[in-house]
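# Structural overview for review
This is what each chain is made of:
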Amino acid sequence: MVYFVGAGSGAPDLITVRGMHLLGQADVIIYAGSLVNPQLLDYAKEDAKIYNSAKMTLEEVIGVMKEAESSGSVTVRLHTGDPCIYGAIREQMDLLDELGIIYESCPGVSAFCGAASSLNLEYTLPDVSQSVIITRMAGRTPVPEKEEIAAFAVHQATMVVFLSTGLLEQLSAQLIAGGYTADTPAAIVYKATWEDEKKYICTVGTLAQTAREHGITKTALMIIGDVVKQSNYSRSELYNPAFSTEFREARRTYFE
C-alpha cells in the first residue's frame, strides 16, 4: 500500500494527525527533501527505510514503491504542503495503476494556507475579493497560454503565486499588464510556518525590489490583491444579527 501524505507547510506540528500516524506506520518513506521539513522524519519508526526524492527520478521513486509492495511493506510518499498542488502526484498514480498497486491520499496544509496564517490574512473579504487564484509564472515548466498571469489579473481576484520568486520583475509586469496597478498591495512570504519564516508587505510594483533587499531568491510565495491591506471590507452577512440563516432567525430589533 502506498500513501501520498501532505507534509504541511513547514512546521512539523502542522502535519495532520492522520499523516503523522501514517508516517509512524510506514516501512518505507520517500520524502521531497528539497522542500519537506526533515524534522517530520522524527515521526518515523526507527527501522523505516528513508529515501530523499530530491535526488531521484520518477522511475526510481516508482521502483522503490514497487520493491516495497513486493515485500508487503507500507510506503509513505511525503510531499510538501498538500500533494494536490504542484505535487506531481498524478504521474506517480498512473504508473501505480499500471502496476496494480493500491494507493490513497492524505491531505496537508498548503503553503498558501500557511502564508495566510503567518499574516493573519483572510483571502476572501466581502466586497474586496471572494475568489482565490493559485498559479505560477511560466519558467522551465511552462503554463498553458490561457493561464498567463496577465489573463488572470483581469479578474482582480486575490492571487497566490507559487514557484516564481526568481521571476518577480516579469511577474510585476504581467500583473500590471493584466490590470493591477503598481501600488496594488502585495506580500512575499518566505518558508511559511518554518522557524526561519520571513514575511514582507509591499506592492505589485516593488515585489522584485523587496525580494532583493531581503535576500529572498526561492522558497517563497507571493500574495497579490487588496485583501493584503485587510481593510475596506464589509461585515459578513452570516453573523449579521439582521440576517436569517437555517440556524438563527433575524432579530427584529435590528429592523426597527
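For the structure, check the block above.
Residues numbered from 1 in each chain as written. Predicted model: local features only at pLDDT ≥ 70, side-chain atom pairs only at ≥ 80, totals over all residues. Heavy atoms only, no water.

In this section: the sheet that holds strand E1 (residues 2-6). Ordered by their spatial adjacency, 5 strands build an open sheet running E3-E2-E4-E1-E5, and the pairing between neighbours is parallel. Looking along the sheet, the strands with just one partner apiece sit at the ends: strand E3 (49-52) and strand E5 (103-106). Neighbour-to-neighbour, the strand axes of the sheet open up by a mean angle of 20°, direction not taken into account. The strands that helix H3 (residues 90-99) touches are E1, strand E4 (75-79) and E5; relative to E5, the one it contacts most, it runs at about 155°. (Pairing = 2+ DSSP bridges. Helix = DSSP H or I, 4+ residues; strand = E, 2+ residues; numbered from the N terminus. Axes fitted to C-alpha atoms, helices over the stretch in contact; angles between N-to-C directions. Contact = heavy atoms within 4.5 Å.)

A few words now on the packing of aromatic side chains. Taken as a whole and assessed by the stated rule, the structure comprises 3 aromatic pairs. Measuring from ring centre to ring centre gives 6.0 Å for phenylalanine 4 and tyrosine 103, while their planes differ by 85°; the resulting arrangement is edge-to-face. Placement of phenylalanine 4 in strand E1 and of tyrosine 103 in strand E5 is noted, with a sequence separation of 99 residues between them. With a relative accessible area of 0%, phenylalanine 4 lands in the buried category. Measuring from centroid to centroid gives 5.9 Å for phenylalanine 112 and tyrosine 123, while their planes differ by 35°, and the two rings are tilted. Residue phenylalanine 112 is located in helix H4 (residues 111-119), and its partner tyrosine 123 is located in the loop between H4 and strand E6 (132-136); the two are separated by 11 residues in the primary sequence. A residue is classified by how much of its surface remains accessible, and tyrosine 123, at 9% relative accessible area, is buried. (Phe/Tyr/Trp six-rings, centres within 6.5 Å; stacked < 30°, edge-to-face > 60°. Buried < 20%, exposed > 50% of the residue type's maximum accessible area, 1.4 Å probe, protein only.)

Relative to the elements of secondary structure, isoleucine 216 occurs in the loop between helix H7 (207-213) and strand E10 (220-224). Accessibility expressed as a relative area gives 5% for isoleucine 216, which makes it buried. Expressed as a C-alpha distance, the spacing of isoleucine 216 and methionine 56, which sit 160 residues apart in the sequence, is 26 Å. Setting aside its immediate chain neighbours within four residues, isoleucine 216 contacts Thr165, Ile188, Tyr190, Lys198, Tyr200 and Ala211.

If you look at the biggest cluster of nonpolar residues, it comprises 25 residues, and the most contacted ones within it are Met159, Leu171, Leu175, Ile188, Leu207 and Ile224. The set of elements that each furnish at least two residues to this core consists of helix H5 (149-153), strand E7 (158-162), helix H6 (168-178), strand E8 (185-190), strand E9 (198-203), H7 and E10. Excluding residues that lie within four positions of it along the chain, isoleucine 224 makes contacts with Ala157, Thr158, Met159, Val161, Leu175, Tyr180, Pro185, Ala186, Val204 and Leu207. Among the nonpolar cores identified, the runner-up in size contains 18 residues, and Ala7, Leu23, Val76 and Leu78 belong to it. (Core = buried A, V, L, I, M, F, W, Y, C linked by side-chain atoms within 4.5 Å.)

Let us look at the pattern of salt bridges. Evaluation of the coordinates by the stated rule reveals 6 salt bridges. We note a salt bridge from glutamate 169 to arginine 212, for which the minimum N-O separation is 3.1 Å. Of the two residues, glutamate 169 is situated in helix H6 and arginine 212 in helix H7; the sequence distance between them amounts to 43 residues. The exposure class assigned to arginine 212 is exposed, which follows from its relative accessible area of 57%. When the shortest N-O distance is used, the salt bridge between glutamate 197 and lysine 199 registers 3.9 Å. By relative accessible area, glutamate 197 is classed as partly exposed at 23%. (Salt bridge = Lys/Arg side-chain N within 4 Å of Asp/Glu carboxyl O.)

What follows deals with the side chain of arginine 136. Mapped onto the fold, arginine 136 is located in strand E6. Buried charge without a salt bridge: arginine 136, with glutamate 147 as the nearest opposite-charge side chain at an N-O distance of 9.0 Å. Excluding residues within four positions of it along the chain, arginine 136 makes contact with Tyr86, Thr141, Val143, Ile149, Val161, Phe162, Leu163 and Ser164. (Lys, Arg positive; Asp, Glu negative; His and termini not counted.)

It is worth spelling out the environment of leucine 119 at this point. By secondary structure assignment, the location of leucine 119 is in helix H4. Taking the C-alpha atoms as reference points, leucine 119 and valine 189, separated by 70 residues in sequence, lie 8.6 Å from one another. In contact with leucine 119, not counting residues within four places along its chain, are Ala187, Val189, Lys199, Ile201, Ile223 and Gln230.

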